[in-house]
Amino acid sequence: MTPRTKRILGKSIVVTIIAVVATFGLSFTARIALRMPIDWLSWVECTLIPILIGMPVGAYIFAQSETIQDTCDKLEKSYAALRETHDRLAFVTTHDPMTGLLSRGGFIARMDRERDEGEYDTLLLVDPDHFSSFNDKHGHSKGDEALVRIAKALVYLTRPGDSVGRLGGEEFGVLLRGVRKEQAMTIAENIRRLVEGIPWIKAQQDDVKVTVSIGGAEIPPDADTQDILRTAGRCLSEAKQRGRNRVSFDFEAAKLRAVTP
């Protein structure tokens, strides 16, 4: 006998016993009040009628209740699984599978947020230097490892409210929320130094060094996202043209430059 059958049978027996007692009480009270005799047939009727009627009806009702409860449980499990699948799909569509950072679409969506008057964000575009040569020399697996390490460095040096994304290939984006250019330049230089100082597996043998160039642009409240991306992209190109491993903001002359040992 299954647990479900035991539950249905147990509940039906309890209800039937209650029905028998109630039938005896009502029937005998009525007979006494009407001065009718209480014979053996009265005992049989008060016993058999509740059993013959109440037991099947009770079993049917409790069986339907169990079925409904099972259906509700299955629906709840299905909903939980659907919600988990939806969350996974939402993460996959907005995040880069290799680094776990925001994808380009997810990052651009963060950039498009509304800003109050006088509220500024700053965008940093971070790109490894000579990455194609690194891939050719050490293989794509080491290249992927380098990108993951750079991603971790970016997350380490940003705050929980900031956003970090992989915009495509080896280019990363950092959205510093509520940060003006002066403070952002310091953060960008810290990123550059941290990446430059990452210990690589073959550093002692092949003098492997991975550096990044960074271009930045402020995002005013009424800014167009594509314009800001183009501005930061021009600054990134300037950093590359000026020797790489440096930070460039808005084509200004004052640039933070790497210290060559």
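Read on for a plain summary of the structure. (Residues numbered from 1 in each chain as written. Predicted model: local features only at pLDDT ≥ 70, side-chain atom pairs only at ≥ 80, totals over all residues. Heavy atoms only, no water.)

**Some thoughts on the packing of aromatic side chains**
Throughout the structure, instances matching the rule amount to four aromatic pairs. Pairing F24 with F28 gives two aromatic rings, centres 5.3 Å apart and planes at 85°, and the pair type is edge-to-face. With a gap of four residues between them, F24 and F28 both fall in helix α1 (residues 3-33), about one helical turn apart. Note on F28: relative accessible area 15%, which makes it buried. Where F131 meets F134, the ring centres are 6.1 Å apart and the plane angle is 15°; that geometry is what we call stacked. With F131 and F134 both in helix α4 (residues 131-138) and three residues apart, this pair spans about one turn of that helix. Put simply, the rings of F24, F28 and W43 pair up and form one aromatic cluster. The positively charged end of R180 is found above the aromatic ring belonging to Y120, 3.7 Å away from the centroid. (Phe/Tyr/Trp six-rings, centres within 6.5 Å; stacked < 30°, edge-to-face > 60°. Helix = DSSP H or I, 4+ residues; strand = E, 2+ residues; numbered from the N terminus. Buried < 20%, exposed > 50% of the residue type's maximum accessible area, 1.4 Å probe, protein only. Lys NZ or Arg CZ within 6 Å of the ring centre and 35° of its normal.)

**Re the side chain of D129**
On the secondary structure map, D129 appears in the loop between β1 (121-128) and α4. Polar side-chain contacts of D129 include one of 2.6 Å to the side chain of S213. Non-local contacts of D129, meaning those with residues more than four positions away in its chain, are made with T211, V212, S213, K240, R244 and N245. (Polar contact = N/O pair within 3.5 Å; in protein donor to acceptor, adjacent residues only side chain to side chain. Contact = heavy atoms within 4.5 Å.)

**A word on a nonpolar patch on the surface**
There is a patch of nonpolar side chains on the surface, built from W40, L41, V44, L48, I49, L52, I53, V57, Y60 and I61 and spanning about 1000 Å² of accessible area. The class for L48 is partly exposed, based on a relative accessible area of 42%. (Patch = residues over 30% accessible without salt bridge, like charges linked within 9 Å, V, L, I, M, F, W, Y side chains within 5 Å. Areas by Shrake-Rupley, 256 points an atom, 1.4 Å probe, with all protein chains shown as cover. Salt bridge = Lys/Arg side-chain N within 4 Å of Asp/Glu carboxyl O.)

**Details of the pattern of salt bridges**
Taken as a whole and judged by the stated rule, the model has 18 salt bridges. Across the pair R149 and E145 runs a salt bridge whose closest N-O atoms are separated by 3.0 Å. Of this pair, R149 and E145 both sit in helix α5 (residues 140-156), four residues apart, which is roughly one turn of the helix. On the accessibility criterion, R149 (26% relative accessible area) is partly exposed. Overlapping salt bridges, with partners in common, bring together R113, R115, E119 and D121 in one network.

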